[in-house]
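Tertiary structure, described
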Amino acid sequence: MIMIQSFSIHSTSHDELIDITSDVAEVVRGSKISEGVCYIYTPHTTAAITINENADPAVQKDILKGLSHFKLESISFSHLEGNSPSHIKSSLIGCSEIVIISQGRLLLGTWQGIYFCEFDGPRTRKVHVKVM
Amino acid sequence: MIMIQSFSIHSTSHDELIDITSDVAEVVRGSKISEGVCYIYTPHTTAAITINENADPAVQKDILKGLSHFKLESISFSHLEGNSPSHIKSSLIGCSEIVIISQGRLLLGTWQGIYFCEFDGPRTRKVHVKVM
Amino acid sequence: MIMIQSFSIHSTSHDELIDITSDVAEVVRGSKISEGVCYIYTPHTTAAITINENADPAVQKDILKGLSHFKLESISFSHLEGNSPSHIKSSLIGCSEIVIISQGRLLLGTWQGIYFCEFDGPRTRKVHVKVM
């Protein structure tokens with residue numbers, strides 16, 4: 001069986017990491033696939049998907065702080081919309097992740113969670129999840 | 001059905017983003033696969049694949065500008081070929097992307113295009129596309 | 001046939017790139033799959049997987065040097081464990097890679113090798129490899 005599902009995210013800040021692990025896990029459960037791969041994809045160009053620590057929420061803030069440390073906002077860009085730093089962060093982190101599915105579950109590490117990265121919010125965003 | 005196809009790219013600058021969305025879409029069409037995943041992979045170590053805005057070409061230039069803002073060229077590297085900054089950019093952006101296929105088409109966002117990133121051109125380069 | 005295999009890595013430095021190409025190739029050979037995709041995934045949040053030059057080992061050191069050039073250690077972070085720079089490097093490089101399998105072999109470029117990136121060692125680490 002092959003399936004795809006989408007869900008929406010409402011970001012509340014300009015830059016924000018949002019934990020979507022349970023949303024993705026629910027799609028995997030619903031797919032009834034026990035061995036396979038899960039693709040997490042966001043169809044936006046100023047957002048991204050990453051996998052990182054799920055224990056201390058400070059890490060999420062520190063990742064954003066690390067990216068802002070690059071001071072991309074200080075560059076004189078051509079794109080008139082003014083959000084080129086958001087586009088660059090999107091390409092640096094990447095708009096998708098894959099996670100292996102084993103015994104019907106996401107094979108994440110103990111400390112791993114899946115995060116939607118908002119780099120140009122607040123906005124309503126979409127995430128596609130495909131299980132194969 | 002499982003297939004793989006390759007095509008060549010001729011870059012004309014040292015750093016350049018080249019839109020390969022239509023090349024990838026053509027492989028997907030030719031595969032006759034309606035639901036699946038498309039893997040876009042470049043077998044080079046000073047190049048990358050990224051997904052980003054396809055509307056304003058200024059964004060492509062701004063992404064390169066953002067990467068050059070890191071001033072990697074100012075570092076004293078060991079690799080004698082002198083292109084370590086290109087290798088680093090390749091690992092930061094990554095040499096592959098995945099896109100979900102739905103109803104026979106790439107499930108890209110409205111503003112998303114697929115780009116080959118040249119970081120050590122001009123050169124002739126290869127891209128592999130696999131559909132599953 | 002669908003399979004997954006894991007192996008351990010022992011890093012010896014705080015920051016280190018370790019060539020895992022032959023370990024991954026062995027899993028592919030053992031899978032007897034001739035056409036497909038190989039997923040390389042590390043379940044850690046201060047490590048990553050990347051594909052880059054396998055000829056001159058200096059490139060591996062230069063990639064680490066490029067990342068340390070960002071001076072992430074100079075930032076005042078919230079996460080009390082003190083390894084936020086390692087978490088950020090993990091998200092920048094990414095905890096997984098995919099490689100196409102063709103005629104029973106990894107379709108790597110001539111100069112490409114697969115590397116485990118240690119950003120918070122020395123430690124014992126895991127890598128999962130799935131072939132589909």
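Residues numbered from 1 in each chain as written. Chains lettered and ligands numbered in written order. Predicted model: local features only at pLDDT ≥ 70, side-chain atom pairs only at ≥ 80, totals over all residues. Heavy atoms only, no water.

With that settled, the discussion passes to the overall build of chain A. The helix and strand inventory of chain A stands at 3 helices and 8 strands. In sequence order, chain A lays out its α and β elements as β-β-α-β-β-α-α-β-β-β-β. For chain A, the spread of C-alpha atoms along the three principal axes comes to 50 × 30 × 20 Å. Each of the 132 residues in chain A was classed as buried or not, and the buried ones make up 64%. Sequence separation of at least 24 residues holds for 84% of the intrachain contacts in chain A that already meet a minimum separation of 6. (Helix = DSSP H or I, 4+ residues; strand = E, 2+ residues; numbered from the N terminus. Buried < 20%, exposed > 50% of the residue type's maximum accessible area, 1.4 Å probe, protein only. Contact = heavy atoms within 4.5 Å.)

The strands making up a sheet associate through hydrogen bonds between their backbones, and the pairing can be parallel or antiparallel. Reading across from one edge, 1-8-3-5-6 (chain B) is the order of the 5 strands in this open sheet, with antiparallel pairing throughout. Since the sheet does not close on itself, it has two edges, and those belong to strand 1 (3-10) and strand 6 (105-106) of chain B, each with one partner. (Pairing = 2+ DSSP bridges.)

A word on the interface of chain C and chain A. Across the contact, 30 residues belong to chain C and 31 residues belong to chain A. Between chain C and chain A, roughly 2,500 Å² of surface is buried when both sides are summed, and carbon and sulfur atoms account for 63% of that area. Three residues stand out in chain C for area buried against chain A, namely C:Tyr41, C:Ser91 and C:Leu92, and they jointly supply 23% of the buried area on that side. Counting the contacts that link chain C with chain A gives 0 salt bridges. (Buried area = accessible area lost by both parts, 1.4 Å probe. Salt bridge = Lys/Arg side-chain N within 4 Å of Asp/Glu carboxyl O.)

Moving on, we come to the relation of the copies chain C and chain A. Overlay of chain C on chain A (RMSD 0.0 Å): rotation 120°, translation along the axis 0.0 Å. The superposition of one copy onto the other is thereby described by a three-fold rotation axis. The rotation axis passes nearest to the C-alpha of C:Leu92 in chain C, at a distance of 3.5 Å. Comparing contact sets, just 13% of the residues at the interface of chain C also lie at the interface in chain A, consistent with a heterologous contact between different surfaces. (Least-squares fit on C-alpha atoms with pLDDT ≥ 70 in both.)

What follows covers the pattern of salt bridges. One pass over the structure, following the stated rule, counts 12 salt bridges over all chains. Among the ionic pairs, C:Asp15 bridges to C:Lys89, the shortest N-O distance being 3.4 Å. Taken together, the residues span a long stretch of sequence, with C:Asp15 in the loop between strand 1 (3-10) and strand 2 (16-19) and C:Lys89 in helix 3 (residues 84-93) at a distance of 74 residues. C:Asp15 gets classed as partly exposed once you look at its relative accessible area, which sits at 27%. Linking C:Asp120 and C:Arg123 is a salt bridge whose minimum nitrogen-to-oxygen distance equals 2.6 Å. Accessibility expressed as a relative area gives 13% for C:Asp120, which makes it buried. Among the charged side chains, a salt-bridge network with shared partners connects A:Asp15, A:Glu73 and A:Lys89.

The next subject is the packing of helix 2 (residues 58-68) of chain A against helix 3 of chain C. Contact pair helix 2 of chain A / helix 3 of chain C: the axes reach a minimum separation of 9 Å and the direction vectors enclose 70°. When the axis of helix 2 of chain A is compared with that of helix 3 of chain C, the two are roughly perpendicular. Contacts from A:Val59, A:Asp62, A:Ile63, A:Gly66 and A:Leu67 in helix 2 of chain A reach C:Ser84, C:His87, C:Ile88, C:Ser91 and C:Leu92 in helix 3 of chain C. Per-class residue counts for the contact of helix 2 of chain A with helix 3 of chain C are 5 nonpolar, 4 polar and 1 charged. (Axes fitted to C-alpha atoms, helices over the stretch in contact; angles between N-to-C directions. Parallel < 35°, antiparallel > 145°, perpendicular 65-115°, else oblique. Nonpolar A, V, L, I, M, F, W, Y, C, P; charged D, E, K, R; others polar.)

Taken as a whole, this structure holds 1 cavity of 30 Å³ or more when the rule is applied. Each pocket or cavity is described by its volume, and for the largest cavity that value is around 330 Å³. Lining of the largest cavity is provided by 22 residues; of these, A:Ser96, A:Glu97, B:Ser96, C:Ser96 and C:Glu97 occupy positions nearest its centre. Of all the secondary structure elements, the ones that give two or more residues to the lining of the largest cavity are helix 3 (84-93) and strand 5 (96-102) of chain A, helix 3 (84-93) and strand 5 (96-102) of chain B together with helix 3 and strand 5 (96-102) of chain C. Class assignment for the residues of the lining of the largest cavity results in 12 nonpolar, 7 polar and 3 charged. (1 Å grid on protein atoms, 1.4 Å probe; cavity = no way out; pocket = protein on both sides within 12 Å on 5 of 7 lines; lining within 4 Å. Points joined across faces, edges and corners; volume = space filled by probe spheres on them.)

Let us look at the sheet that holds strand 3 (residues 36-41) of chain C. Residue and element names in this part refer to chain C. Spatially, the 5 strands line up as an open sheet ordered 1-8-3-5-6, and their pairing is antiparallel. Only two strands of the sheet have a single partner each, and these edge strands are strand 1 and strand 6 (105-106). For strand 1 and strand 8 (residues 124-131), the ladder comprises 8 bridges, and the chain directions are antiparallel. What sits directly across from glutamine 5, in strand 8, is valine 129.

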